[in-house]
Amino acid sequence: DVKVTQSSRYLVKRTGEKVFLECVQDMDHENMFWYRQDPGLGLRLIYFSYDVKMKEKGDIPEGYSVSREKKERFSLILESASTNQTSMYLCASRAGGASNEQFFGPGTRLTVL
Amino acid sequence: EDKVVQSPLSLVVHEGDTVTLNCSYEVTNFRSLLWYKQEKKAPTFLFMLTSSGIEKKSGRLSSILDKKELFSILNITATQTGDSAIYLCAVARGTSYGKLTFGQGTILTVHP
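In short, a report on the structure. (Residues numbered from 1 in each chain as written. Chains lettered and ligands numbered in written order. Predicted model: local features only at pLDDT ≥ 70, side-chain atom pairs only at ≥ 80, totals over all residues. Heavy atoms only, no water.)

1. Focus on the sheet that holds strand 3 (residues 19–25) of chain A
Picture the strands of a sheet paired through backbone hydrogen bonds; they go either parallel or antiparallel. All names here are of chain A. The strand order across the open sheet built from four strands is 1-3-8-7, with neighbouring strands paired in antiparallel fashion. Only two strands of the sheet have a single partner each, and these edge strands are strand 1 (4–6) and strand 7 (64–70). Direction aside, neighbouring strands of the sheet carry axes that sit 20° apart on average. Where strand 1 meets strand 3, three bridges bridge the pair, whose relative direction is antiparallel. Paired with valine 4 across the bridge in strand 3 is glutamine 25. (Pairing = 2+ DSSP bridges. Helix = DSSP H or I, 4+ residues; strand = E, 2+ residues; numbered from the N terminus. Axes fitted to C-alpha atoms, helices over the stretch in contact; angles between N-to-C directions.)

What follows is the structure, given as structure tokens:
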């Protein structure tokens, strides 16, 4: 089974702090994604990576950056956390090829005070 | 801009009822439509639909796609309390490294 893990289930940070969210997948998947999920808005794509060191902005990249130095690991960085970044953050991976199925991690609920 | 709209946004039923969840979309270069179920954890994959009119089934769940009218439905028959979850619909484009555009989700609550 594909396993996608995220470094924390719950995180509380203060405004202005730098925040790192880590995601690791164990199935040698090519593509990885970061979403945030807010009530009534569904999942919105922040950034994705189609290969090591390759990244593209999603629909809401402002205030975020990403890093993919190794194939299995995709990090989301909040350079200076703000209260409007309080949300559930979900990481996903995809094998590539014909299937569009993405496999999700359990999520990190981030609260910025 | 790609758009995926789900309805209803929330639904409350009793065990044994049948429910139909709707997903309509507007997307350039459509490739496939996916349904996920999300309980208090990671979304789990239910179905991927690429062709019109072909029903996919898994137990009490089934789904069908209409590429002419640009929508999909997810049916759940004989609902159980374990079906309580958020149901997510997402659409993939043909040339996008598998990026998905999600709808808002439907919150289904099944009472005993």
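2. Quick notes on the sheet that holds strand 6 (residues 56–58) of chain B
All names here are of chain B. In spatial order, the strands read 1-3-8-7-6; together these five strands make up an open sheet with antiparallel pairing. In this open sheet, the two edge strands, each paired with only one partner strand, are strand 1 (3–7) and strand 6. Geometrically, the sheet is characterised by an average inter-axis angle of 15° between neighbouring strands, direction not taken into account. Examined bridge by bridge, strand 3 (residues 19–26) and strand 8 (residues 71–76) share six bridges and lie antiparallel to one another. In the strand pairing of strand 8, cysteine 23 is matched with serine 72.

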